[in-house]
Amino acid sequence: MSMSSRPPAPPASPAAPTVRLVEVGPRDGLQNERQAIATATKLALIRRLAAAGLKDIEATAFVSPKWVPQMADHAEVMAGLPSAAEFPGVNYPVLTPNLKGFEAALAAGAREVAVFAAASEAFSQKNINCTVAESIARFEPILAAAQTAGVRVRGYISCVLGCPYQGEVAPEAVAAIARELLQMGCFEVSLGDTIGIGTPAGVQRLIGTVGEQVPVARLAGHFHDTWGMGVANVAEAWRQGVRVFDSSVAGLGGCPYAKGATGNVATEDLVWLLHGLGESTGVDLEALAACGEWICAELGRPNGSRAGRALRARCAA
Ligand SMILES: CC(C)(COP(=O)([O-])OP(=O)([O-])OC[C@H]1O[C@@H](n2cnc3c(N)ncnc32)[C@H](O)[C@@H]1OP(=O)([O-])[O-])[C@@H](O)C(=O)NCCC(=O)NCCSC(=O)C[C@@](C)(O)CC(=O)[O-]
């Protein structure tokens, strides 16, 4: 392709981000990979993501290694994270389902953790082996211990637009859990479309209903791309005022307890969309796309990012 026929690039991202991206590739993206992934590969991925400008990189999960073997090296991952001198201002949150996980995360140096609930009873049982109410009760000691230790706690809610076991999920159920998580002390609640089943109309209803109970500024969008709606759903959530989004480089991922779920919306696609909307993310899209290509080659899997593939094709032309 000649230079003149190239599509115009969206504006480059200026220094101060107006939208916060939470890169979940090293955790959500890798947790479902069947092949063993070396800790060194996970750390190289994290380093490349930080070098591309991502400031929130979910590093691992302090969950049971019997349930999610891929995250069994959580302490080693934490020990090998880049130093603050190398990448200033980068945050490395981790998942903690219970106090045992929180204590291990704290001992490993975590400064931010995430608790995860579901808006569906069936999913809660499959994912964390307890009811929704029991999960919230398990979070209480985490929030208390985190406050003492000065650790920030994020909340997740899974299945906000549908459940693989239960089907429809009422936005009111999501709103009630979001309110509870914020009242408990979570600084933000990430709304997970775990099976990527939602459409923009559902996102509009969801944010409208949840936004009646909690400030939209305290919500994040976490969209999987299983049905190809990831970017459209982000655009709708953005239109509704959401300014924090979770994504994974190259669209890595799936969920061990949501059969058929594909990865998160790809970070490259999200960055392309947001820059096109005039937002800044602080992310260098070319460096990110190179990172996406690299991890896909490492894992021997196709690149799930449309923008990443388009950039590669442009560079090869
Ligand atoms: C929550 C549990 C532990 C309950 O699992 P359980 O079996 O009910 O727990 P338990 O308390 O009976 O303990 C059983 C064993 O696990 C150990 N154990 C207990 N807790 C821990 C811990 N924290 N770390 C390490 N080990 C732990 C415990 O010590 C014991 O070991 P044993 O005596 O048998 O040797 C389990 O169900 C679990 O680990 N689930 C994790 C599931 C998971 O990671 N899912 C994926 C993340 S969520 C997600 O992807 C959705 C999200 C966030 O991305 C948003 C979206 O898209 O929807």
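Higher on the page you've got the structure.
Residues numbered from 1 in each chain as written. Predicted model: local features only at pLDDT ≥ 70, side-chain atom pairs only at ≥ 80, totals over all residues. Heavy atoms only, no water.

Participant: Before we go on, may I ask you to explain the site of the ligand in this structure?
Facilitator: Looking at the ligand, there are 25 residues lining it, with Lys66, Asn127, Asn129, Ser158 and Thr194 nearest. Here a nitrogen atom of the ligand sits 3.4 Å away from a polar atom, N or O, in the main chain of Val63. Measuring from a nitrogen atom of the ligand, one finds a backbone N or O atom of Gly101 at 3.3 Å. When isolated, the ligand has an accessible area of 1100 Å², and the protein chains bury 75% of it. Broken down by secondary-structure element, the contributors of at least two residues to the shell around the ligand are α1 (25–29), α4 (99–107), α5 (121–128) and β6 (152–158). (Near = heavy atom within 4 Å. Polar contact = N/O pair within 3.5 Å; in protein donor to acceptor, adjacent residues only side chain to side chain. Areas by Shrake-Rupley, 256 points an atom, 1.4 Å probe, with all protein chains shown as cover. Helix = DSSP H or I, 4+ residues; strand = E, 2+ residues; numbered from the N terminus.)

Participant: In this structure, what is going on with helix α10 (residues 267–276)? I would like to understand it.
Facilitator: The periodicity of an α-helix, 3.6 residues per turn, causes residues three or four positions apart to be oriented the same way. Most of α10 sits out of view: 8 of its 10 residues are buried. Buried residues of α10: Thr267, Glu268, Asp269, Leu270, Val271, Leu273, Leu274 and His275, and no others. Those residues of α10 hidden inside the fold are in contact with β1 (20–23), α9 (230–239), β9 (244–247), α11 (285–299) and α12 (306–316). Just past α10, the residue Gly278 takes up positive phi, approximately 90°. (Buried < 20%, exposed > 50% of the residue type's maximum accessible area, 1.4 Å probe, protein only. Contact = heavy atoms within 4.5 Å.)

Participant: What am I meant to see in the sheet that holds β1 here?
Facilitator: The pairing of strands in a sheet comes from backbone hydrogen bonds and takes either a parallel or an antiparallel form. Taken together, 9 strands build an open sheet; the order of strands is β2-β1-β9-β8-β7-β6-β5-β4-β3 and the sheet is parallel. Strands with a single pairing partner mark the edges of an open sheet, and in this sheet they are β2 (56–57) and β3 (60–61). Here strand β4 (residues 94–95) runs beside strand β5 (residues 112–118); their pairing, made up of 2 bridges, is parallel. Following the sheet pairing, Leu95 is matched in β5 by Ala114. Set on the sheet, helix α6 (residues 132–149) makes contact with β5 and β6; between it and β5 the angle comes to about 165°. (Pairing = 2+ DSSP bridges. Axes fitted to C-alpha atoms, helices over the stretch in contact; angles between N-to-C directions.)

Participant: What am I meant to see in the pairing of strand β8 (residues 219–223) here?
Facilitator: Consecutive side chains along a regular strand alternate between the two faces of the sheet. Of all the 5 residues making up β8, 5 are buried; the element is thus mostly covered by neighbouring parts of the structure. Burial along β8 is two-sided: the face carrying Leu219, Gly221 and Phe223 and the face carrying Ala220 and His222 are both buried. Examined bridge by bridge, strand β7 (residues 188–193) and β8 share 5 bridges and lie parallel to one another. The residue bridging Ser190 from the neighbouring strand is Ala220, located in β8. Between the parallel pair β7 and β8, the chain is carried across by helix α8 (residues 200–213), and the sense of this crossover is right-handed. (Right-handed = clockwise from strand over helix to strand, strands pointing away.)

Participant: Before we go on, may I ask you to explain the pattern of salt bridges in this structure?
Facilitator: Any two side chains of opposite charge can pair if their charged atoms end up close together. For the structure on display, the rule yields 13 salt bridges. The partner of Arg27 in a salt bridge is Glu58, and the shortest N-O contact between them spans 2.6 Å. A residue pair is termed long-range when its members are at least 10 positions apart, and Arg27 in helix α1 and Glu58 in the loop between β2 and β3 qualify at 31 residues. Accessibility expressed as a relative area gives 1% for Glu58, which makes it buried. Close ionic contact of Asp246 with Arg154 constitutes a salt bridge, the shortest N to O distance being 2.8 Å. (Salt bridge = Lys/Arg side-chain N within 4 Å of Asp/Glu carboxyl O.)

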